[in-house]
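Structure at a glance
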Amino acid sequence: MDELILAIESSCDETSVAIVKNGSTILTNIIASQIKSHERFGGVVPEVASRHHVEQIGYCIQDALEEADVSPEELAAVAVTKGPGLVGALLIGITAAKAFAWANDLPLIGVNHMAGHICAARFVTEVTYPAMALLVSGGHTELVYLPAEGVYEIIGETRDDAAGEAYDKVGRVLGLTYPSGKKIDELAHKGKDTYHFPRAMLNDDTYDFSFSGLKSSFINLVHNAQQRQEELDQVNLAASFQASVVDVLVTKTIRACQEFPVQQLIVAGGVAANQGLRERLAETIKTTLPNVELIFPPLKLCGDNAAMIGSAASIERKKGHFADLALNAEPSLAF
Ligand code: KG4
Ligand code: ZN
C-alpha cells in the first residue's frame, strides 16, 4: 500500500503543507510565503513570522488535502519540522501537527529541518550511500556525510555567518531587498571578479567555513567608497563576492568528496539555487570526480518547503522513530 504522509514546515518564514507519497513523489506542496511582510525590515522578524503562521496553517492543511484529493483516513502519518528554526514559528507547526494527528488518530513524526533539505534530493533520484551533502541556507553552511540512509554526520560547518546570511547582509549594503541571494546571483552573472575578496580557510585542513571576514571586507570597501564619493561597479562587486563564496564552497566540498568514499554529492538549502555555485560544481565534478553523481534539487525545492519534510519523515517512519504529544520545538537542533 502506498504511504501518504502529510508534512508541515514552519521553521522560518514559509508556512508549508505537503502530501508526499512513498517518500519520493509530491502530491501537493503548498507554500504560503511571508516575504512581503519581512522585506521592509530587511530580515525575518520572528514575532511577525509566528503571527502569519497562525493565520495560514489551517488553510494550508485544508488546501493540501483538497488539492491532493486525500482524506485524513488515507494518511500513514503526520510529520512536522521540530527544529532547528525560530521557536515561535516552529511551535505553530508543531501544535497544528499534534492537533491534526490527535484528532485523526495518526502517528506523529518530528523531523530535523536540515535532514529535510537533504531529502529534497529524493525527488530527483534515488539517493545511494555513502553520500555527501553540502547544506547551504540562510542559517546553515555544513558539509554532512551520509554513510547510510537516515544517518547524518557533520564533518564541517561555518564558524560564523552562514553563506545565505552573508548574501543577505551584503545585499542590504547594496540597497537590495531581503532576501538578496537571488538578486546578487543575477547581478554576478553580468560581472567579473575584479575586486578579489578574501577566501577564508580555503586551504586549511578542516572542512569548516567562515564568511564574516568576506562580509566585513565587502562592507568596508562599500563604506570607504561612499565616504570618498567614489562609484563602485555594482555588477563586478556582486561577481567578486559570489566568486569568493563559490570558490570556498566548491574547494572544500570537492576535497570532502575525494576523502570520503561517496557515490553522490547532494547540494541543498536556499543557496543551492545559486547558478554560479551550480555551474562551478558541475564543471569541477566532471573533471575531478567523474564517478560522483551531482544532485541539485529543482529550484522550487531548494528553499523551505514541506515536501522535503515529508520525504525525511518517510525514512524516520521506516526506522520506527515516532514522536508523542509531548513533542517540543528544538530551535538549535543539530543532527
Ligand atoms: O533554505 P532557505 O530557504 O531558508 C533557510 O532555512 O535559511 O534559504 C534562504 C537563503 C537566503 O539567505 C537567500 O538569500 C538564499 O537562501 N538564496 C540564495 C539564492 N536563492 C536563495 N543565495 C544565493 N543565490 C541564490 N540564487
Ligand atoms: Zn531551510
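Residues numbered from 1 in each chain as written. Chains lettered and ligands numbered in written order. Predicted model: local features only at pLDDT ≥ 70, side-chain atom pairs only at ≥ 80, totals over all residues.

1. What to know about the overall build of the protein chain
Along the backbone of the protein chain there are 10 helices and 10 strands. Scaling as 2.2 N^0.38, a compact globule of 335 residues should have a C-alpha radius of gyration of about 20 Å, and the protein chain matches this with 20 Å. Judged by the C-alpha coordinates and their principal axes, the protein chain covers about 65 × 45 × 30 Å. In the protein chain, which comprises 335 residues, the proportion classed as buried is 50%. Residue pairs in contact within the protein chain that sit at least 24 positions apart in sequence constitute 76% of those at least 6 positions apart. (Helix = DSSP H or I, 4+ residues; strand = E, 2+ residues; numbered from the N terminus. Rg over C-alpha atoms; globule rule 2.2 N^0.38 Å. Buried ≥ 20, exposed ≤ 12 C-beta atoms within 10 Å, placed from the backbone. Contact = placed C-beta atoms within 7 Å.)

2. A short note on the site of ligand 1
Contacts to ligand 1 come from 19 residues, most closely from Ser137, Gly138, Gly164, Gly181 and Gly270. Only helix 5 (163–173) and helix 6 (181–188) provide two or more residues apiece to the shell around ligand 1. In terms of residue class, the shell around ligand 1 is made up of five nonpolar, 10 polar and four charged. (Near = placed C-beta within 6 Å. Nonpolar A, V, L, I, M, F, W, Y, C, P; charged D, E, K, R; others polar.)

3. Some thoughts on the confidence of the model for the protein chain
Taken residue by residue, the protein chain gives an average pLDDT of 96. The fraction at 70 or more is 100%. Across the whole predicted complex the pTM is 0.95, and at the interface the ipTM reaches 0.98. (pLDDT = per-residue confidence, 0-100.)

4. Points about the UniProt feature "binding site: substrate" (unreviewed entry) in the protein chain
Feature annotation in UniProt places "binding site: substrate" (unreviewed entry) on Leu135, Val136, Ser137, Gly138, Gly139, Asp168, Gly181, Asp185 and Asn274, given in this structure's numbering. One can find Val136 in strand 6 (residues 131–136). Note on Val136: 30 C-beta atoms within 10 Å, which makes it buried. The residues contacting Val136, other than those within four sequence positions of it, are Thr141, Ala163, Gly164, Leu249, Gly269, Val271 and Ala272. Inspection of the secondary structure assignment puts Asn274 in the loop between strand 9 (264–268) and helix 9 (275–288). Overall, the presence of 27 C-beta atoms within 10 Å leaves Asn274 in the buried class. (UniProt positions renumbered as here; feature names shortened; annotations may be inferred.)

5. Overview of the environment of Ala329
Inspection of the secondary structure puts Ala329 in the segment after helix 10 (306–318). A count of 24 C-beta atoms within 10 Å places Ala329 in the buried class. C-alpha of Ala329 to C-alpha of Ala272: the two residues are 57 residues apart in sequence and 26 Å apart in space. Once residues within four sequence positions are removed from consideration, Ala329 is found in contact with Lys82, Gly83, Val87, Leu90, Leu91 and Ile94.

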